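A look at the structure
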Amino acid sequence: MVVSYTREHVYRHPWHRVTAAAWRKFTDPAARAATGSLAHILDVHTLSRDVDPASGRLRAVRAIAGRTPPPPLLLRGLLSLSSGGGDVVVLCVERTDVDAPARDMRVDSRNATLRGLVDVEERCSYAPHPEQPDEWTLCRQETTIRCAPLAAVAPARVAEVVERRCAERFTQNADKGREAVERICADLAAEQDGIQEEPR
């Protein structure tokens, strides 16, 4: 069974600001604070980073560890068995490709752990908005969630409910990430305005 959805969001900020904010969202101290929108993020490590000197294209791979939101009841027993009890931590791998001259950023993420129970794949793209290319950015998020192994231990209807609940929780986390990007964009805009207003 598979749940897939696509969402779009318009940031009323230029592409360079939105992509800088998207890159910073998991390491932003305010977002990761106990009351922050991304308090579930535990750690972020850059595994590789490469800039092509000819094209200016950046490619990076990061590992992101985070606490999962409370899983659906049916999965709790399975997760406590697989994780040894306590908080369930998931490790995700994020691959980012930034083509700055073309103003195109693509981020592909997938969980590396717990894939025997839930497999989540997310693809995001950031591009100038067609109506306001110098002022707004269009973010397109495509997400696929698979809970295929549940079909072997539960009726198809139960597996479908679990997938839907996982999708709801994933959507809530995606909304929190979008809130963090919006706040960081506002901070960057205020910082830029402050620099431009300083006397020379």
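Parameters at a glance
Residues numbered from 1 in each chain as written. Predicted model: local features only at pLDDT ≥ 70, side-chain atom pairs only at ≥ 80, totals over all residues. Heavy atoms only, no water. Phe/Tyr/Trp six-rings, centres within 6.5 Å; stacked < 30°, edge-to-face > 60°. Lys NZ or Arg CZ within 6 Å of the ring centre and 35° of its normal. Pairing = 2+ DSSP bridges. Helix = DSSP H or I, 4+ residues; strand = E, 2+ residues; numbered from the N terminus. Core = buried A, V, L, I, M, F, W, Y, C linked by side-chain atoms within 4.5 Å. Buried < 20%, exposed > 50% of the residue type's maximum accessible area, 1.4 Å probe, protein only. Contact = heavy atoms within 4.5 Å.

The chain goes by PRELI/MSF1 domain-containing protein in an unreviewed UniProt entry, where it is assigned to Urochloa decumbens.

Glancing now at the packing of aromatic side chains. What the rule picks out here adds up to 0 aromatic pairs. Note that R12 overlies the ring of W136, its terminal NZ or CZ placed 4.2 Å from the centroid. Geometry around W23 places R62 over its ring, the cationic atom sitting 4.1 Å from the centre.

The sheet contact formed by strand 3 (residues 57-67) and strand 4 (residues 89-99) spans 11 bridges and is antiparallel. Across the sheet, the residue bridging to L58 is V98, located in strand 4. Sheet topology places strand 4 next to strand 5 (residues 104-111); 8 bridges connect them, and they run antiparallel. Paired with C92 across the bridge in strand 5 is N111.

This paragraph deals with the nonpolar core. One finds Y11, V18, A21, M105, Y126 and V181 to be the most contacted residues of the largest nonpolar core, which totals 16 residues. At the level of secondary structure, the elements contributing two or more residues to this core comprise helix 1 (15-24), strand 5, strand 6 (119-128) and helix 5 (156-197). In contact with A21, other than residues within four places in its own chain, are V181, I184, C185 and L188. One finds V118, V120, I145 and C147 within the second-largest nonpolar core, a separate group that totals 10 residues.

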